Structures are given as C-alpha cells and as structure tokens.
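# Survey of secondary and tertiary structure
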Amino acid sequence: MDGIAESQIAVEVSTAGLRKRAQELYPAPAFLEMCLQAGAPVALSSDAHRPQDVGADYDRALELLEDMGVSELCVFERRERRLEPIGASER
C-alpha cells in the first residue's frame, strides 16, 4: 500500500470478473478499500474484448464505489489524467 500511495497510480475497478468464473468485480472489495485508504484514485473499466461488453455492469461497479464513498473517477484523455465527479455526464 505504501507503493500505491507513493506512486499515485489509479486503481482500476473492472467489471470483467462478473463475466468470468470469479463472478465478482476486480479487485476484491477489501483490497480496493485499502487502496482508497492509501489515497489512490479509481478508474473504471469493463476490460471489454467484444463490443457488447463495453460498459457492461457499470451500474454494479458504481454502486460498490458509492457504497465505499468514492465520488469521482479518474479518466484519461491523450494520456492526461483528471478526476471527474461520478454522474457528471448526466448533468
């Protein structure tokens, strides 16, 4: 966790595990909570390898993040990182 805190990397929450044998979001909630406590921002991913999986199960991931107190997501554009409030595109 010290390395995550020092590097300020974004931790990816992926819905891919819901489509696999694990049947759960990645990473495990306990690990995600430790990352959040270390100050890591969160990026959201569906890790889609098929068009129909792009954005799959984001509602479940966003519910978990809301339950954990996450109010913004780390987004990337042209390799530049910024934080955006969750639900900002709905406004």
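You'll find the structure just up there.
All of the points below concern the structure found in this document. Fair warning: this is a prediction, and the values are worked out from it, not measured in the lab.

### Side note on the state of the cysteines
In this structure the tally under the stated criterion is zero disulfides. For the unlinked cysteine C35, the closest cysteine sulfur is that of C74, found at 13 Å. Its relative accessible area of 1% is what places C35 among the buried residues.

### A closer look at unusual backbone geometry
Of note, the bond from Y26 into P27 is cis; its omega dihedral lies within 30 degrees of zero at -15°. Position of P27 relative to the elements: it lies in the loop between strand 1 (11-14) and helix 2 (29-37). For Q23, which is not glycine, the phi dihedral falls at a positive 55°. Within the element layout of this structure, Q23 appears in the loop between strand 1 and helix 2.

Rules behind the numbers
Residues numbered from 1 in each chain as written. Predicted model: local features only at pLDDT ≥ 70, side-chain atom pairs only at ≥ 80, totals over all residues. Heavy atoms only, no water. Disulfide = S-S within 2.5 Å. Buried < 20%, exposed > 50% of the residue type's maximum accessible area, 1.4 Å probe, protein only. Helix = DSSP H or I, 4+ residues; strand = E, 2+ residues; numbered from the N terminus.

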